[in-house]
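Chain by chain, the residues:
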Amino acid sequence: MKIILAGLFIFISCQLSSQPGRDEKQIRDLLRRQTEAWNRGNLDDFMEGYWHSDSLLFIGKNGVINGFQPTLDRYKKAYGNHDEMGTLVFDIVRLKRLSPEYYWVLGKWFLKRNAGNISGYYTLLFRKIGRKWQIISDHSS
């Protein structure tokens, strides 16, 4: 019985200790997929990283937007063609686990584009919903 309990304890400990690394990889992969979608000019795929909810929160230079669809509409209006979209680069500055369910990400974004290069910073709040990490709040400036 002691061997079974010890084995179970070791198994659970290994699962718990490896989970943050796995979660961080999933978040980094999501941001990589977003970058690839943006650089293909596909805003619908770019938005797949966001929570498909009316409770999604986006904060940008023009204020607060609530909801997935209004956020997508904002992106489509602001970046309506290839010259405005350009080529996106994300640089993660800090990725911090807040709890098993939440991660916070601070990063830089850079757009190289014919319409003039622009850059700024972002903070993202990720939540694990089901088995999937999703952005529930984005503050980009």
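Quick caveat, the model's predicted, so the values are computed rather than measured.

Draft legend 1. Representation of the sheet that holds strand S2 (residues 63-66) within the structure. Strand order in the open sheet formed by 6 strands is S2-S1-S6-S5-S4-S3, and the pairing between neighbours is mixed. Of all strands in the sheet, those bounded by a partner on one side alone are S2 and strand S3 (87-99). Along the sheet, successive strands turn relative to each other by an average axial angle of 25 degrees, direction set aside. With 4 bridges joining them, strand S1 (residues 57-60) and S2 adopt antiparallel strand pairing. Directly across from Leu57, in S2, lies its bridge partner Asn66. Sheet contacts for helix H3 (residues 68-78): S1, S2 and strand S6 (132-140); angle to S2, the most-contacted strand, approximately 125 degrees.

Draft legend 2. Region of interest: the pairing of S6. Judged by how many residues are buried, S6 sits mostly within the fold: 7 of 9 residues are covered. Bridging between S1 and S6 involves 3 bridges; their strand directions are parallel. Counterpart to Leu57 in the pairing with S6 is Ser137. Note: strand S5 (residues 118-129) against S6, 8 bridges, orientation antiparallel. Note that in S6 the partner of Arg127 across the bridge is Gln134. Taken together, S5 and the strand that follows it, S6, pair antiparallel across an intervening segment of 2 residues, in which Gly130 is found at a positive phi of about 70 degrees.

Draft legend 3. Molecular detail of the environment of Arg40. Within the secondary structure, Arg40 is located in the loop between helix H1 (2-39) and helix H2 (43-46). For Arg40 and Gly86, which are 46 residues apart along the polypeptide, the C-alpha to C-alpha distance reads 9.5 Å.

What counts, and where the lines are drawn
- Residues numbered from 1 in each chain as written.
- Predicted model: local features only at pLDDT ≥ 70, side-chain atom pairs only at ≥ 80, totals over all residues.
- Heavy atoms only, no water.
- Pairing = 2+ DSSP bridges.
- Helix = DSSP H or I, 4+ residues; strand = E, 2+ residues; numbered from the N terminus.
- Axes fitted to C-alpha atoms, helices over the stretch in contact; angles between N-to-C directions.
- Contact = heavy atoms within 4.5 Å.
- Buried < 20%, exposed > 50% of the residue type's maximum accessible area, 1.4 Å probe, protein only.

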